[in-house]
Amino acid sequence: MIVTLIIMCEVGFWVLLAGGLALRYLAGMPRAGAAVLLMEPLLEVLLLVVTAVDLKNGAAPDWKHGLAAVYIGFTIALGHRTIRWVDARFAHRFAGGPPPVRPPEHGTARAVHEWKTAGLWMLAAAIATGLLQAAIWYVGGDGETGSLRAWQQRMLFVIGVNAVIAASYTLFPKRETAGERQGPGQAVPGEAESRGARREGPRP
């Protein structure tokens, strides 16, 4: 039942997202679209309540309850960013909005971007870890909590991987090349003059 509900919540997330954006940009009903998008958090609340009730009714905690906690954590931390990401592209495609802003590619700006992204993933993992710990406390020392602790270890791995990736952009920042600084179609200094000299040939 828990796995089925997780799938339903995931499908519901994208259905509500598509419906809200369609109302906002295609049907010209921004308030109705916003109301639909605001229903997104109800999916996580529903999943959390059902998971808690299932445990309270005596269900043995297993990987399904751990997966539910992970799904809730990641949706809370990353759901809003996903909505903004899709909204920017939907607005550009169907409502004449500006092109989506691309992330920086070099130096400190890219490192800051990577740390912000890693921070969201680490927050998601931390929320999931907290929910898993709450379930472990709820079950108590006499219950079987090995599957829940295994999910906690996976979340610690997610935190570590994201920290390493973000740190790599800080310690080894990508440098901007001369061609990238000039931009496409622009000549490197001195190149235009040399081309002009070749076209004109030697002067008498």
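Since we're looking at a predicted model, the values are computed, not measured.

1. Examining the layout of surface pockets
(1) Moving on: Its boundaries defined by the atoms lining it, the largest pocket holds a volume of some 530 Å³.
(2) Moving on: Forming the walls of the largest pocket are 19 residues, and the residues nearest its centre are Arg81, Arg84, Trp85, Arg89 and His113.
(3) Moving on: Elements with a minimum of two residues in the lining of the largest pocket: helix H4 (63-94) and helix H5 (107-139).
(4) Moving on: The biggest single contributor to the lining of the largest pocket is H4, with seven residues.
(5) Moving on: Grouping the constituent residues of the lining of the largest pocket by class yields 12 nonpolar, three polar and four charged.

2. Description of the packing of H4 against H5
(1) Moving on: Two elements in contact, H4 and H5, have axes separated by 8 Å at closest approach and are oriented at 145°. Between H4 and H5 the crossing geometry is right-handed. Contact with H4, carried on its side by Gly66, Ala69, Val70, Ile72, Gly73, Phe74, Ile76, Ala77, Leu78 and Arg81, involves His113, Thr117, Leu120, Trp121, Leu123, Ala124, Ala125, Ile127, Ala128, Leu131 and Leu132 of H5 and no other residues of that element.
(2) Moving on: Residues of the contact of H4 with H5, tallied by class, amount to 16 nonpolar, four polar and one charged.

Definitions and cut-offs
- Residues numbered from 1 in each chain as written.
- Predicted model: local features only at pLDDT ≥ 70, side-chain atom pairs only at ≥ 80, totals over all residues.
- Heavy atoms only, no water.
- 1 Å grid on protein atoms, 1.4 Å probe; cavity = no way out; pocket = protein on both sides within 12 Å on 5 of 7 lines; lining within 4 Å.
- Points joined across faces, edges and corners; volume = space filled by probe spheres on them.
- Helix = DSSP H or I, 4+ residues; strand = E, 2+ residues; numbered from the N terminus.
- Nonpolar A, V, L, I, M, F, W, Y, C, P; charged D, E, K, R; others polar.
- Axes fitted to C-alpha atoms, helices over the stretch in contact; angles between N-to-C directions.
- Left-handed = near helix turned anticlockwise from the far one by under 90°.
- Contact = heavy atoms within 4.5 Å.

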